[in-house]
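Architecture and fold: a report
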Amino acid sequence: MNTIKISVRNLVEFILRSGDLTTSSGLKDPDAMQEGARIHKKIQRKMKAGYQAEAALSLTVPINYDGIDFEICVEGRADGIFTDDTGYNIDEIKGVYRELASLENPVEVHRAQALCYGYIWASTHQLDGIGIQMTYCHIPTEEIKRFNEYIDFKTLEKWFYDLLHEYAKWASWEIKWHEKRNLSIKNIEFPFEYRPGQNTLVKGVYQTILRKKRLYIEAPTGVGKTISTVFPAVKAMGENLSEKIFYLTAKTITRTVAQDAFNILTENGLHLKYVTLTAKEKICILDKPMCNPGSCPRALGHFDRVNDAVFDVITHEEHITREIVTEYAEKHNVCPFEMCLDISTWVDAVIGDYNYAFDPNACLKRFFGTEASSNDYIFLIDEAHNLVDRAREMYSATLIKEEFLAVKKLTRFMSKKITNALERCNKSLLALKRDCDVLTEWDILNIEDFVIRLMQLANYLDEYLQDSRNNKHGSKNVNGQINFMEFDGVDNSELFPDTRERLLDFYFSVRSFLNTYELLDEKYIIYSDYSDEGNFRLHLQCMDPSTNLDNYLKKGRCGIFFSATFLPIKYYMEQLAGGTDDYAVYAPSPFLPENRLIMIGRDVSTKYTRRGPAEYKKIADYITDFVSAKTGNYLIFFSSYKMIDDVLPFVEENFSKTYNEEDFTKLYNGNIETNDYNKVKEIEILTKTNKIMNQQQTDVSEISDIKDTYNNEKNTTPRIFIQSPSMNEQQREEFLENFKANPTNTTLGFCVMGGIFGEGIDLKDSRLIGAVIVGTGLPMVCTENELFKDYFDREDRSGFDYSYRYPGMNKVLQSAGRVIRTDTDRGAILLLDERFMQMSYQKLFPKEWYPYEVVTKNNMRERVKKFWEK
């Protein structure tokens, strides 16, 4: 018989939630935080002898619903059980920040938790009734307020079974769905003929899942790594080795690739539900998310409707994309983002950004919160080379001194306690600032005074934001927290919206800093510096994210990391929580070497000491010759937008010249040396008119015809499109739409390595036939990168490699990987920098880059022409 397990808290908060969606939904839950735990223990210690603290309770109830027999196991820990004159009592303790005077009755979901524990205890002890005590403690003052009641067993039993009946609808649906899903998985086969090495890759993923290990896969473009990881993960789910698959990516476009893989399996008979999570800012119906009933019409009564919305979508859809979420959210008038998160509980696979699993400030608390235990989750981590920098960012935090002063100006009319706490924090930061000229590294003891004062400030902010007297809209969410806030005795009609958002942003920054402080170990450094605007900053910088990632990965069964650019693999395993007993594999490229031409220009450099008009002209000449060999679509990658600006005028000049009869006569007779686009066109025109280069004379009319033909054809010179900073999704799509299949004219895209077009885009066949990589992609020399360099040097690892060479070469490899996408593609790649000839760079070349050819400006064009003539 199927048994569905659910905690008391999850049961009541899911079934009984009601009311409005409010900003306070994002505030911390004090009952789950350190202050709440401290209050619990303190109250429990003060109770009389015989008081049972943290009593583990569970009850398994047989259920028949919708023709299915199954069991629901409800379990949890009662804060306390004690006896008095009435008999047994359940004590439910809650630490809160709101003033207790505003609490006239227990919060319904809190009381419901106590009722569940009361029924379990009364049922197992055959009681006629039981007492319920709700103990609320105001965390800042430790003031206590209690609510007591006695409930007879029959009333309690009816309430409990009504609650289970509501949940049984969901449980019975889940059982039926899993049966249907697993049957389809049993019959599913790999949807393609295996490429060389692909079968081994699929087996390796399955074995890793089976053994609860971590696997690091370097799989070149075209191996089919997405389907090769998704398929064995799905098969493992059918064998009950996994309860949920998390497909995690860094970019929106790679989430589409994951959806495609699941869709392909569906076309072959699979029944599996997935949801694609979309950032709140992108899916919100407002221009800027404002989660309160006063700003968003869907926030009003959201929790009254959202369960019906979720049940509707999961019972009618299998592939729950952003568009599907938007459609059902509109139908039921609920927040699409919050609804999407709720859907994730009920689907088999979740597709989303890394932060939903690994970011302490943004992870899905229902799966990865502090109280979450280990479960059979499979992590499929795509483009995992990106996770190193992303993880360092997730586990770091920064506070700016000037922000404390700015917020102080806002709070002086709101709360004297908060204002004074802000001033104390500012003084601590001022003391650090006096000892910081440009950049200073600190020991943890140096910032202890500031952190203590910051904790006090955070508590005051918590108290203020969750106090009903500071409630602008008077609405409550599922946990009974109050949406805030208004200034007592102050006209806030104009100040309120901006003030609220600024205070919230500041609050979350403070909380993030304190949460990061709890993570500090030898893999962190603490330092202060100044922004470009002169603002003083205090940083908690994660240098090596492996320990923090490991803590989150342990909440699942296994992790599969894969990327086309995992070199050197030892570095990535080290940074991404790889252990000595975990695995690394290389999947060989399925593409024929003769379909790819890789060249290194050895007579050009992008070193800072070499940059100037002469070098930019040489780079432009290389680009011109490369793209003139064959009409088609090309991407030209640079290390920065400034480099694009420096080289672009020379490229445009090469494409902009016109020739008169005198010029063509000289060209015709070989008296002008040029290697730009015009020279190429001149040769093509001479070929068309059956002339030869060494012919000494020609008639003027023929020269004129050649000139006219050239200047007409000049109008079809390449179109150049340039990536701009901060392109939105529509602009990105419009950029890519310029690269059409089977083009009759040449199109060039000037892009930045490591940017939105440097990885994740899939321009197959004739949509892209070549790429030029200008430079080694080294990151800018800056404070943060120099800190990384120094840190890893101290750790007896190559600081330059870790902070500059490895990240730079990864961007080079990703950019080059845009060219060959299918086994029918042919493409050319040109690496422009003499440093690519150094062994320190060549040892980072993937196997499929061999053999490569070394060229110069004078012979490159002929080599690439021969490649296209094959």
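Keep in mind the model is a prediction, meaning the values are calculated, not measured. (Residues numbered from 1 in each chain as written. Predicted model: local features only at pLDDT ≥ 70, side-chain atom pairs only at ≥ 80, totals over all residues. Heavy atoms only, no water.)

Of the voids in this model, the second largest pocket is the one considered here, and its volume is about 990 Å³. Lining the second largest pocket are 41 residues; nearest its centre among them are G777, L778, P779, M780 and K811. Those elements giving two or more residues to the lining of the second largest pocket turn out to be α14 (387-394), α20 (569-575), α22 (641-656), α27 (783-794) and α28 (799-816). If you tally residues by element for the lining of the second largest pocket, the top one is α28, at six residues. Each residue belonging to the lining of the second largest pocket can be placed in one class, and the counts come to 17 nonpolar, 13 polar and 11 charged. (1 Å grid on protein atoms, 1.4 Å probe; cavity = no way out; pocket = protein on both sides within 12 Å on 5 of 7 lines; lining within 4 Å. Points joined across faces, edges and corners; volume = space filled by probe spheres on them. Helix = DSSP H or I, 4+ residues; strand = E, 2+ residues; numbered from the N terminus. Nonpolar A, V, L, I, M, F, W, Y, C, P; charged D, E, K, R; others polar.)

Further remarks concern the environment of I151. Within the element layout of this structure, I151 appears in strand β6 (residues 143-152). Placed 32 residues apart in sequence, I151 and Y119 show a C-alpha to C-alpha distance of 9.6 Å. When residues no more than four places from it in sequence are discounted, the contact partners of I151 are R111, L115, G129, I130, I132 and L156. (Contact = heavy atoms within 4.5 Å.)

This paragraph deals with the packing of α27 against α28. In a pair of packed helices, the angle between the axes and the distance between the axes together describe the arrangement. Where α27 contacts α28, the axes come no closer than 6 Å and their chain directions differ by 145°. Here N785, E786, F788, K789, F792 and D793 of α27 come into contact with α28, specifically with G799, F800, Y802, S803 and Y804. Classifying every residue of the contact of α27 with α28 by side-chain character gives five nonpolar, three polar and three charged. (Axes fitted to C-alpha atoms, helices over the stretch in contact; angles between N-to-C directions.)

Attention now moves to the packing of aromatic side chains. This model, assessed by the stated rule, comprises 53 aromatic pairs. Consider the rings of F246 and F367, whose centres lie 5.3 Å apart with planes at 70°: the pair is edge-to-face. Here F367 lies in helix α13 (residues 365-368) and F246 lies in strand β8 (residues 244-249), a separation of 121 residues in the sequence. Ring plane angle 80° and centroid distance 5.3 Å describe the contact between F246 and Y377, whose orientation is recorded as edge-to-face. Here the residue F246 occupies a position in strand β8, and Y377 occupies one in strand β12 (residues 377-381), the gap between them amounting to 131 residues. Y377 shares its class with F246; the two are buried. The structure contains a cluster of three or more aromatic residues connected by ring pairs, namely F566, Y571, Y572, Y791, F792, Y802 and Y806. K169 extends its terminal NZ or CZ atom over the ring of F311, reaching a point 4.5 Å from the ring centre. Sitting over the face of the ring of Y608, R611 holds its NZ or CZ atom 4.3 Å from the ring centroid. (Phe/Tyr/Trp six-rings, centres within 6.5 Å; stacked < 30°, edge-to-face > 60°. Buried < 20%, exposed > 50% of the residue type's maximum accessible area, 1.4 Å probe, protein only. Lys NZ or Arg CZ within 6 Å of the ring centre and 35° of its normal.)

Below, the discussion takes up the pattern of salt bridges. Tallied over the entire structure, the rule returns 37 salt bridges. Between D529 and R537 there is a salt bridge; the shortest N-O distance is 2.9 Å. With relative accessibility at 5%, the residue D529 sits in the buried group. Judged by its relative accessible area of 23%, R537 is partly exposed. E862 serves as the salt-bridge partner of R861, at 3.2 Å between the closest nitrogen and oxygen. Of the residues examined, R861 reaches a relative accessible area of 17% and is grouped as buried. For E862, a relative accessible area of 38% puts it in the partly exposed group. Among the charged side chains, a salt-bridge network with shared partners connects R17, D342 and R366. (Salt bridge = Lys/Arg side-chain N within 4 Å of Asp/Glu carboxyl O.)

We now examine the confidence of the model for the protein. Low-pLDDT portions of the prediction should not be read for the details of their coordinates. Summing up the model confidence of the protein, the mean pLDDT is 89 and the portion of residues at 70 or higher is 88%. With pLDDT under 50 throughout, residues 471-495 is counted as low confidence; its partners more than four residues away or in other chains account for 90 contacts. Low pLDDT, under 50, characterises residues 687-698; the predicted model gives this stretch 18 contacts beyond four residues in sequence or across chains. (pLDDT = per-residue confidence, 0-100.)

On to the pairing of strand β24 (residues 827-832). Here β24 lies mainly inside the structure; six of its six residues are buried. Of the two faces of β24, the one carrying G827, I829 and L831 and the one carrying A828, L830 and L832 are both buried. By the bridge criterion, six bridges tie strand β19 (residues 596-601) to β24 in an arrangement that is parallel. Residue pairing for β24: I600 is matched across the bridge by L831. Direction of pairing for strand β23 (residues 770-774) relative to β24: parallel, over a ladder of five bridges. In the strand pairing of β24, I773 is matched with L831. (Pairing = 2+ DSSP bridges.)

With parallel pairing, seven strands are arranged side by side in an open sheet as β21-β22-β20-β23-β24-β19-β25. The two strands at the open ends of the sheet, each matched to only one other strand, are β21 (719-722) and β25 (853-855). Direction aside, the axes of adjacent strands within the sheet are offset by 20° on average. Pairing between strand β20 (residues 633-638) and strand β22 (residues 747-752): six bridges, direction parallel. Bridged to F637 within β22 is C751. The sheet strands contacting helix α21 (residues 613-628) are β19, β20, β22, β23, β24 and β25, and the helix crosses β24 at an angle near 170°.

Following L567, the chain continues to P568 via a peptide bond in cis, the omega torsion being -5°. Tracing the sequence through the fold places P568 in the loop between β17 (558-563) and α20. A cis amide bond, omega -5°, links Y850 with the succeeding residue P851. The residue P851 is located in the loop between α29 (839-842) and β25 in this model.

What follows concerns the environment of T345. On the secondary structure map, T345 appears in the loop between α11 (336-343) and β11 (349-353). The spacing of T345 and V275 is 70 residues in sequence and 9.8 Å in space, taken between C-alpha atoms. At 3.1 Å, the side chain of T345 and the side chain of R366 are in polar contact. (Polar contact = N/O pair within 3.5 Å; in protein donor to acceptor, adjacent residues only side chain to side chain.)

Before going further, it helps to examine the sheet that holds strand β14 (residues 439-442). Overall, antiparallel pairing links the four strands, which are arranged β13-β16-β15-β14 in an open sheet. Each end of this open sheet is capped by a strand with a single partner; those strands are β13 (397-400) and β14. Adjacent strand axes in the sheet meet at a mean angle of 20° when their direction is disregarded. Bridge analysis of β13 against strand β16 (residues 536-542) gives four bridges, and the strand direction is antiparallel.

Turning our attention to the side chain of Q259. Its location among the elements puts Q259 in helix α7 (residues 252-267). Ignoring any residue separated from it by four or fewer positions in sequence, one finds Q259 in contact with Y274, T276, T321 and I351.

Here we take up the environment of C751. If you trace the backbone, C751 turns up in strand β22. The exposure class assigned to C751 is buried, which follows from its relative accessible area of 0%. Along the primary structure C751 and Y641 are separated by 110 residues, whereas in three dimensions their C-alpha atoms are 8.0 Å apart. Discounting chain neighbours no more than four positions away, the residues touching C751 are L635, I636, F637, F638, I644, Q723, F735 and F757.

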